[in-house]
Amino acid sequence: MTELTANTAVMRTYKEYGRPLWQRILFTREAAVYGALILVIIVASATVRNFATPITLNYLLLDITPILLIALPMTLVIITGEIDLSVASIVGLSSVTLGTLHQGGLPIEAAGLAALVVGAIAGAINGFLITVVGLPSLAVTIGTLALYRGLAVGLLGTTAVTQYTEFWKDLAKSKIGGTTIPSVMILFVILALVFAILLHFTAFGRGVFAIGLSPEAARFSGISVERTKFILFVLSGVVSALAGIYYTLRFGSARGDNATGLELSVIAAVLLGGVSIFGGRGALHGVIAGVLLIGTLGSALRLASITSDVINIITGTLLVASVVSTSVLAWVRRKRIRPGGKKPGSAADTKG
Amino acid sequence: MLFHTSTRSTRRAGAFAALAVTVALVATGCAAGSETPAGETGGDANLAITFVPKNLGNAYFDTSDAGGKEAIEEFGGTYDEQAPAEGTPDGQVSFINTLTQQQVGGLVVSANDPTAICDAINEARDAGIKVVTFDSDTSPECRDLFINQATSEGIAKVQVDLIAEQIGDEGEIAILSATANATNQNAWIELMKTDLAANHPNIKLVEVVYGDDDDQTSFDKTAALLQTYPNLKGIVSPTTVGIAAAARYLQTSDFKGKVQLTGLGTPNQLRDYVEDGTVTAFALWNPADLGYLAAYAAKALIEGDITGAEGDEFEAGKLGKYTVGEKGSVLLGDPYTFNADNIADFNF
Amino acid sequence: MTNLTLDRETFGTRVLHGVGGFLRARETGILLALILVIVITTAKNPNFLFSNDGFRDLLLTPSLVMLLAVGQAVVIITRNVDLSVGSTLGLTAYMTGRVFIDFPGIPIIVVFLVGILFGALLGLVNGALIAFAKVPALVITLGTLYAYRGINVLWTGSDRINASDLPKDFLALGTARIGPIPVLTIIALIVLIAAGWYLRNQRGGRELYAIGSDPAAANLYGLKVTRRVLVAFVVSGSLAGLAGVLYAARYGTINSQAGSGWELDAVGAAVIGGVAIFGGSGSVWGAAIGAYLLLTINRALPILGVQDFWQRAVVGVLIIGAIVLDRVLALRTTKKLAEARDNHND
């Protein structure tokens, strides 16, 4: 049985089991992200005025909740080797659905449910085009990015629907008990646990990893590649719709261009958190740490009155650096394994 | 990968370690949370005032905020300006949240939407920050004072009068507005429609388009308007960004001179177009004075001189004394018409 | 294709084959769609085509996106993508304005060169990271999209370049014409013809197709993959730089958001124009026609009575339609080739 895995052309090993346990835990990508996160928190608390205040944590978590939510299914999607660029447009579409239906008289609960259904349908369309028609996910999701955003903007124009019941708006921003942690964190923790169990502790999750490593081998192992990918895209759509509902209630404004550009933040955080863009590798806790890192960095910089464009430069550079560093490390490792041997580049990567 | 059981236990260990670290982080956050933030001490008023216009890169707000800066430097406070790049309601919310965290003394805001930023502003007010709106208001409950440049009726009327005069009181006109939600825009447009219906029955308003206070969008929307309505006689643009972009398009277009353009604009931006006849006349007030007055109003609120109730009086430096009117609004003055005769006298 | 018997083709047959090929080409379909849109819109409002302004705008407005689309096509053909072109355009446009303000009297041709070189530099950063570090282009250009736009906003501050800051003859370029055709469109056409000729007739161009078709095979075959990919991104960057200079000439006012979102139009135009997202096929002509189709539809929508808010949705439908069509055609070709192979084996 092990001959199958040993014969794959791609030599990607993620843990050299010859190393001691402490090395295997500390020298991983995820540990690096944790380290960076703790470092940023310490430095910011010491140097930035007003950072170590209760209200900072509150605003920080409120701001990054959409990214946290969407990063969960996005991790699974990227691990299978696909990508979903349309998540931000689904956020906008669900926001507009919520707004227009509520404005049209529907109670907010029903409008919210409708928004979730819209998100599921959007994800299903993505999934259909990718799995049944067989189109590459990059192209499809670029198209649906434009399509869903276009539908959202088309429905509302550039008006915003800003009348919502106080109860739901307050709920979106309410805090747990006497702490400053927003209540949406409960929702996020539940979803994170669900996804973590799904990815790391079920056969479905192992199937996701297998598809990322080699779709052919996964198919021969009996995993239904198409069905798995379809489910992942539907999940991505539903969670994006949920994030859209939260976004609308938190800002109290449903607009066609809500959350434009959010997909970049999500992908940046996911890749920063150790998920390989080639698929087959990654862990959810790393992704959560990645989102927290980007969010904390952004919050600290904003408080230090550094403008958001610098924050964007840093995010972009982090994204590039995180992916390039993986490549560089892999190259260094290859060179060390075969000293003075063949040039590493000739064993051509089959992906990318 | 699928057959190594040791992977699973290492993964489990990793997952629990992750959970532990996250819990530790959250606990740190809560522990830090038990410190009380430094409140304002009784004696020294916090005169750090930040201007939050609708968006950045807008010449009108550059001028008004510069007026505010002048006032703040006069009375020894600290000035800052923060705004999103695009005029969206949720963009402003993030900045207001950050300013709340930074515990500034006062905010001077021109709102992109009457209700969307209310929650953020109320949180700021709960933290002791005074909030003054200027140029574009929010709902009156959300803010302490509103500095209005002129009455909305006056602003609407002057533009309708100008366009009616320029097109001979009959024909098709269109409005090129800013963002669709802006309180002031919508107020003026409604009043313009009422004025047209009541006093100018031969003028037909064919469409209201939105340039989003973005130069390129306004430019393209003007082109589209001229394409779509071949009988258009006039365009009214109650936004300085829109009128400047429309004038620039008209200048190189066949419609120059045939389609009249008016609205609210700054003399510096429109001087070329007035001199070559693309624009005959337009209106505005002095935005620098508006910012100046708003800064002094914020100062009066912070120092406790006034509370924003009707009848309160406060000093506004070189502009003199001002009284608060109904619903917490303070009037700057009347709109002013600029044309070829007087445009050389102004520099803003 | 599969001519198994070596017939001597007559000149007439060759012409027929050529015409048939032309008619069946993907690009022709797009061209027909474009003509159809123009005809329908002009029927509704003759000013769309026949007025002075209308004809000028019809040719002028899409020429900027056409430059981006041509560069994008070159990159997509190598099985990569360049999402940073919008930010490159914005950065170059702002730089153009700054150069005119800080160096008054500088000749316009120098500014053009500076813009193109600057764009090439930005493209080089992309290309180096992608070619040498062997990282997927999607991720790198996503990062540089963020980073370049951030640099642009940082540099701009809350400032803007106004039309009054730029020299009058530069601005006049924006609407000047040679005969009935705007100067900017002529520039874009020259670039298009050059790119099309290079891709079709020069070895470097053909190698780009090979790399996109099967990178592993290209590598084993000995093609200089790294160098070609680098060049592709430099070309994309320089065209974005040129488009930035032209943007400054056309619009005159440049703020920090210039070109924001244009990368989607560029990718969309290329995909609609028949450039397969998986690389290895398509042409810059198709991408150019795709750019014109996209932007003409945008301008036609308000005239046809559709709120122009729906134009994004139209773009999305077109992109999806185009890739589905490509897939269906590819499946049919594979089936035909398989059948021919089976027939040949009899």
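Residues numbered from 1 in each chain as written. Chains lettered and ligands numbered in written order. Predicted model: local features only at pLDDT ≥ 70, side-chain atom pairs only at ≥ 80, totals over all residues.

Undergrad: Residues and numbers for unusual backbone geometry, please.
TA: Phi at Asp-212 of chain B takes a positive value of approximately 60 degrees, unusual for a residue other than glycine. Summarising the element assignment, Asp-212 of chain B is placed in the loop between strand S7 (203-210) and helix H7 (215-228). Classification of Asp-212 of chain B as buried rests on a count of 23 C-beta atoms within 10 Å. Its identity is not glycine, yet Lys-134 of chain C carries a phi of approximately 50 degrees, on the positive side. (Helix = DSSP H or I, 4+ residues; strand = E, 2+ residues; numbered from the N terminus. Buried ≥ 20, exposed ≤ 12 C-beta atoms within 10 Å, placed from the backbone.)

Undergrad: Kindly report on the interface of chain B and chain C, identifying the contributing residues and their values.
TA: In this assembly, 19 residues from chain B lie in contact with 24 residues from chain C. Here the side of chain B that touches chain C takes seven residues from H7 of chain B, the largest share from any one element. Its residues assigned to classes, the side of chain B that touches chain C comprises six nonpolar, six polar and seven charged. (Contact = placed C-beta atoms within 7 Å. Nonpolar A, V, L, I, M, F, W, Y, C, P; charged D, E, K, R; others polar.)

Undergrad: Residues and numbers for the sheet that holds S7 of chain B, please.
TA: Residues and elements named next belong to chain B. On the basis of which strands lie adjacent, the open sheet formed by four strands has the order S7-S6-S8-S9 and parallel pairing. On the outer flanks of this sheet lie S7 and strand S9 (260-263), each paired with one strand and no other. Averaged over neighbouring strand pairs, the angle between their axes works out to 25 degrees when direction is ignored. Of the pairings in the sheet, the one linking strand S6 (residues 171-177) to S7 comprises seven bridges and is parallel in character. If you follow Ala-174 over to S7, its bridge partner there is Glu-207. Running at roughly 165 degrees to S9, helix H5 (residues 152-167) makes contact with S6, S7, strand S8 (232-237) and S9 of the sheet. (Pairing = 2+ DSSP bridges. Axes fitted to C-alpha atoms, helices over the stretch in contact; angles between N-to-C directions.)

Undergrad: Could you give an account of the nonpolar core, naming the residues involved and the relevant values?
TA: Nonpolar side chains in soluble globular proteins tend to end up buried together. Among the nonpolar cores identified, the biggest contains 312 residues, and Ala-69 and Val-70 of chain C are the most heavily contacted of them. When we break this core down by domain, the ones giving at least three residues each are domain 1 (48-149 + 287-333) and domain 2 (152-284) of chain B. Discounting chain neighbours no more than four positions away, the residues touching Val-70 of chain C are Val-191, Leu-192, Ala-195, Leu-239, Val-284, Ala-287 and Ala-288 of chain C. (Core = buried A, V, L, I, M, F, W, Y, C linked by C-beta atoms within 7 Å. Domains from an automatic or database assignment.)

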